[in-house]
Amino acid sequence: MSTATLRTTDREDIAGRLLRSSAKASYDPLTTIDWETPVDPDRYAIPPHRVSLYGTELWDQLTEAQRKELSRQEVASVACVGIWFEAILMQMLIRHAYDLDPTSNHVQYSYTEIGDECRHSVMFARFVTRMGAPYYPLDRVGRFLGRFFKATSNGPLTFSAALFVEELLDQMQREIMVDEDLEPLTRAVARLHVTEEARHMRYAREELIRDWPQRGALTRAYSRLVLALVALHATERLIHPGCYAKVGLDPKLARQVAEQNPHWRESKTWFARQAVETFTAAGLMSSRLSRRIWRKAGLIGPTGDAA
Ligand SMILES: [Fe+2]
Ligand SMILES: [Fe+2]
């Protein structure tokens, strides 16, 4: 049996398992999540140490009620970025499946994942409203970059960018879902997303690791650079400055304080650690320029290592 046949068989076997798991454990957020119970203003929506201003002088000046409000606005802002990225991912998966055989398990899993992401985006949108937050829209540059990326990504970029955002949210949400002091709605949304995203991450990792070694030096260099830029631009937009205005802070000043806040930087490095580990092992972070961008984004430590 040739290596190519072995690879195809494994790919189909893994996708078959993912399809069976999807059939058993997929959830409709509109019916499985309690949207009726009012959000508790006395609880944090995310752990306080994950709020972007935690540990700063500005944080000390806020009342406990303002800090909790900021936690709700920030998690809503992250949900808006999640919706943005899910739209990008859905288009990339459609492009991926377009030329392939739909009777194969791996293409059927691609369609299944698109279905999951549709439900997640509706869930996140409803969640934003329940957090008492507005829709935090992307700036024009971010919107343009997303539009370009979703129309042009190659195989390694589709699955590495998917893995980056999914791992980031996964780290965040795993911490939230087990913390009984937090707002129950945030925990319920986190739990549902973590369950379904575990399959997406497996799929993305498999596709990436299969595709990457077959690519030439030029494509690899381009992909390393673009992935680093995706990571930088997505991370920079996690917290919309409008969140700070919602609790009476000067949005420009608060954004600067957050950017320089070592606690927030540590959180970002922690959110990204699984993705960084996978990319480092696979050779997606081995150029000096890309590592410089990852470091600028606060996603690897000052010496260039994951925390
Ligand atoms: Fe999702
Ligand atoms: Fe996903």
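Look a little higher up for the structure.
Rules used in this analysis
- Residues numbered from 1 in each chain as written.
- Chains lettered and ligands numbered in written order.
- Predicted model: local features only at pLDDT ≥ 70, side-chain atom pairs only at ≥ 80, totals over all residues.
- Heavy atoms only, no water.
- Helix = DSSP H or I, 4+ residues; strand = E, 2+ residues; numbered from the N terminus.
- Rg over C-alpha atoms; globule rule 2.2 N^0.38 Å.
- Donors = N, O, S within 2.8 Å, 3.2 Å for Na, K, Ca; no water.
- Buried < 20%, exposed > 50% of the residue type's maximum accessible area, 1.4 Å probe, protein only.
- Contact = heavy atoms within 4.5 Å.

A. How the structure looks around the overall build of the protein chain. On a plain count of helices and strands, the protein chain comes out with 13 helices and zero strands. Reading the protein chain from its N end, one meets helices and strands in the order α-α-α-α-α-α-α-α-α-α-α-α-α. By the compact-globule yardstick of 19 Å for 307 residues, the protein chain fits well, its C-alpha radius of gyration being 20 Å. Dimensions of the protein chain along its principal axes, counting C-alpha atoms only, are 65 × 45 × 30 Å.

B. Region of interest: the coordination of the iron ion (ligand 1). Taken together, the protein ligands of the iron ion (ligand 1) are E86 (OE), E117 (OE), H120 (ND1), H193 (NE2) and E197 (OE), with distances of 2.1 to 2.3 Å. Donor residues for the iron ion (ligand 1), ordered by position in the chain, follow E-x30-E-x2-H-x72-H-x3-E. In this structure the iron ion (ligand 2) is found 3.7 Å away from the iron ion (ligand 1), and E117 serves as a bridging donor for the pair. With a gap of three residues between them, E117 and H120 both fall in helix 5 (residues 105-130), about one helical turn apart. With respect to burial, E117 and H120 carry one shared label: buried.

C. Representation of the environment of K246 in the model. Within the secondary structure, K246 is located in helix 10 (residues 242-246). Expressed as a C-alpha distance, the spacing of K246 and S21, which sit 225 residues apart in the sequence, is 41 Å. The residues contacting K246, other than those within four sequence positions of it, are Q73, G132, P134 and Y136.

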